[in-house]
Amino acid sequence: MITAQTNPDRNATRATNSQSGNVFFIVMVAVALFAALMFTFSRGARQGGDNLSAKQADVMASDILTYVQRVERGVSRVYGRGFSENAISFQNEYISGYENANCTSNRCLVFHKDGGAVAYRQLDSSWSNSSDNWNFTGENYVVGIGTDCNNASCSELLMVLDDVPSVLCAALNKRLSIAPPIPQDNGIDLTEYDGAFAYNAANDIGDDDARLEEIRTACFEESGGNNYFYHVLMER
């Protein structure tokens, strides 16, 4: 009787291939589960702003106010070097739209060591329900700040945080000595500042709620339901 011979090397190869396939499958499942977990966590963090405690919101409010003052000093540093307000640039590596053709050197870039010497900081996840970045705009006039008029020469240079959780908006106003409830205003324009100012009466800040008149920094509720925090970087 002839006995069939098996090839041990071939069997070993099959076993190794089978084990490799199993390991690869397990790794892929683990990667997919991890990606799903991170997506869920990120979404929850972004939507959980209104679940902040009052203490957490107060700490964040302090952080925000410190940073906007730092950016204001950076703007003043650039302006103090002799650059016009139209040459000030907020161009940064995180978001487009702030390129300014009037700025032709690093010295007029707010977020450059040779300019305003301010490090651009993206938003912490709980600062906004939907945004990762700041808005810099020259489209809005704040009643009682700078010169009062109805044209672009009176529009302020603003730094704005949009879709602010209500608890954080309230904490910001508390630190700014603005009494509750949150002030209301009917409009704000977030067009990116590229060196040009504009004016639209519908975007005046402080014409709907007297508590915002002559106020350089505040958080208000827009008629659409969003909360906006603004800080005047340069009054005009």
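Residues numbered from 1 in each chain as written. Predicted model: local features only at pLDDT ≥ 70, side-chain atom pairs only at ≥ 80, totals over all residues. Heavy atoms only, no water.

Caption draft 1: Structural view of the overall build of the protein chain. When you go through the protein chain residue by residue, the secondary structure sums to three helices and five strands. N-terminal to C-terminal, the α/β element order of the protein chain is α-α-β-β-α-β-β-β. In the protein chain, buried positions account for 41% of the 236 residues. When contacts within the protein chain are restricted to residue pairs at least 6 apart in sequence, those whose partners lie at least 24 apart make up 70%. As displayed, the protein chain offers around 12700 Å² of accessible surface, 51% of which is attributable to carbon and sulfur atoms. (Helix = DSSP H or I, 4+ residues; strand = E, 2+ residues; numbered from the N terminus. Buried < 20%, exposed > 50% of the residue type's maximum accessible area, 1.4 Å probe, protein only. Contact = heavy atoms within 4.5 Å. Areas by Shrake-Rupley, 256 points an atom, 1.4 Å probe, with all protein chains shown as cover.)

Caption draft 2: Spatial organisation of the nonpolar core. If you look at the biggest cluster of nonpolar residues, it comprises 40 residues, and the most contacted ones within it are Phe90, Trp134, Phe136 and Phe229. Secondary structure elements with two or more residues in this core: helix H2 (54–80), strand E2 (156–162), helix H3 (166–175) and strand E5 (227–234). Among the elements that line this core, the one with the most residues is H2, at 10 residues. With sequence-adjacent residues up to four places away left out, Phe136 is seen in contact with Val71, Phe90, Tyr98, Phe111, Tyr120, Leu158, Met159, Thr191, Glu192, Tyr193 and Leu233. Core analysis: the second largest hydrophobic core is formed by 13 residues, Val142, Ile145, Val160 and Ile178 among them. (Core = buried A, V, L, I, M, F, W, Y, C linked by side-chain atoms within 4.5 Å.)

Caption draft 3: Main features of the pairing of strand E1 (residues 135–140). By the criterion of burial, E1 is predominantly enclosed, with six of the six residues buried. The pairing of E1 with E2 spans four bridges and is antiparallel. The partner of Asn140 across the bridge, within E2, is Glu156. (Pairing = 2+ DSSP bridges.)

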